[in-house]
Amino acid sequence: MRINDDLTKPLIVHSAKLAWTQSPQAGVDRRMLYRVGGEVARATSIVRYAPESTFPSHVHSGGEEILVLEGTFQDEHGDYPAGSYFRNPPGTSHTPASKEGCTIFVRLWQYREGDDAQIVRQPGEGGAGPLRPGSDAARVLFDDGEERVSIERWQPAATVTVENQRGLEILIVTGTLTVSGEKLEPQSWIRLPQGKPFEGLVGSEGAEIWIKDAPLQHVDVLPMPS
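None of the values given here were measured: they were computed from a predicted structure.

1. Topic: the pattern of salt bridges
Enumeration according to the criterion identifies 18 salt bridges in this entry. Taking the shortest distance from any N to any O, the salt bridge between Glu147 and Lys212 comes out at 2.4 Å. With a gap of 65 residues between them, Glu147 in the loop between β16 (135-143) and β17 (148-154) and Lys212 in strand β22 (residues 198-213) connect regions that are remote in the sequence. Take Glu147 and Lys212: they sit in the same class, and that class is buried. The partner of Arg148 in a salt bridge is Asp213, and the shortest N-O contact between them spans 3.4 Å. In this pair, Arg148 sits in strand β17 while Asp213 sits in strand β22, placing the two residues 65 residues apart along the sequence. Of the residues examined, Arg148 reaches a relative accessible area of 29% and is grouped as partly exposed. For Asp213, a relative accessible area of 13% translates into the label buried. Here the residues in one salt-bridge network are Glu65, Arg87, Arg107, Arg112, Asp115, Asp144, Glu147, Glu169 and Lys212, joined through shared partners.

Printed below as a string of structure tokens:
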């Protein structure tokens, strides 16, 4: 399966308008934003857990990165309410579940060689980040020099520009943006190749934005199993 696999082109996906696709596990559905592979895939998705649903215990052979968007995501290690962010590097494992139901943003098999830091950020955690024009808060969730992941709050009606020297992924968590004449709502996802700067007009309610500043695919990305 190949979905939005051309990393050389700018991409906007209105995720909330996509149909839900059932996963192999009952009660767990997904909206596929990017995918290369079958059930084991290099993938970016929005995943929805129904109340009282669970996913079998599994090892993250290619790494897993998650932002909780709605509800509370859980595993045997703890509870992760909306706003939580974590990175489960290759070799880690867990048994995901959600008692009340939840929606999460997930990136799979996009780790590079040597990226083995396990990170858990509860809502509000993370170091202070630099404020760009049009923003009034920024938290750095992860930065190892190869990629930086942050959450920013952008001011109502501001025009915000993000430079792009490595590649950008942007997810709207709350609020709205207008980009290239398109209105983007929560869970809309933007992917821009290196050198394509981002510019967006923030809606009247402001916006909370998740940003990954990193190559869209690392040159030493972990190889998929054959």
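2. Structural notes on the side chain of Ser84
Within the element layout of this structure, Ser84 appears in the loop between β9 (78-81) and β10 (85-88). A polar contact of 2.7 Å, which involves the side chain of Ser84, links it to the backbone oxygen of Pro81. Residue contacts for Ser84: discarding those within four places in its chain leaves Ile66, Leu67, Val68, Arg121, Gln122 and Pro123.

3. Topic: empty space enclosed by the protein
Overall, the coordinates contain 2 cavities of 30 Å³ or more when judged by the stated rule. There is about 80 Å³ of room inside the largest cavity. Lining the largest cavity, in full, are Tyr34, Arg42, Arg107, Gln110, Glu147, Lys212, Ala214, Pro215, Leu216, Gln217, His218 and Val221. Of the residues belonging to the lining of the largest cavity, the class tally is 5 nonpolar, 3 polar and 4 charged.

Calculation criteria
- Every chain's residues receive numbers from 1 upward, in the order its sequence appears when written.
- Since the coordinates come from a predicted model, pLDDT governs what is reported: local features require at least 70, and pairs of side-chain atoms require 80 or more to be given and counted, while whole-chain, interface and lining totals use all residues.
- Note that the side-chain values use all heavy atoms of the structure and ignore hydrogens as well as water.
- Salt bridges are counted wherever a side-chain nitrogen of Lys or Arg sits within 4 Å of a carboxyl oxygen of Asp or Glu.
- Secondary structure elements follow DSSP: runs of H or I no shorter than four residues count as helices, runs of E no shorter than two count as strands, and numbering proceeds from the N terminus.
- A simple rule labels every residue: compare its accessible area, found with a 1.4 Å probe on the protein chains alone, to the largest value its type can have, and call it buried under 20%, exposed over 50%, or partly exposed in between.
- Two N or O atoms form a polar contact when they lie within 3.5 Å of each other; inside protein one atom must be a possible hydrogen donor and the other a possible acceptor, and for residues adjacent in sequence the pair counts only when both atoms belong to side chains.
- Contact between two residues is taken to exist if any of their heavy atoms lie within 4.5 Å; hydrogens are not considered.
- Put plainly, a pocket is an open set of points on a 1 Å grid over the protein atoms alone with protein on both sides within 12 Å along at least five of seven lines, a cavity is a set where a 1.4 Å probe fits but cannot get out, and a lining residue has an atom within 4 Å of a point.
- Grid points are joined across faces, edges and corners, and a volume is the space filled by probe spheres set on the points.
- Any residue outside Ala, Val, Leu, Ile, Met, Phe, Trp, Tyr, Cys, Pro, Asp, Glu, Lys and Arg is labelled polar, Gly included; the first ten of those are nonpolar and the last four are charged.

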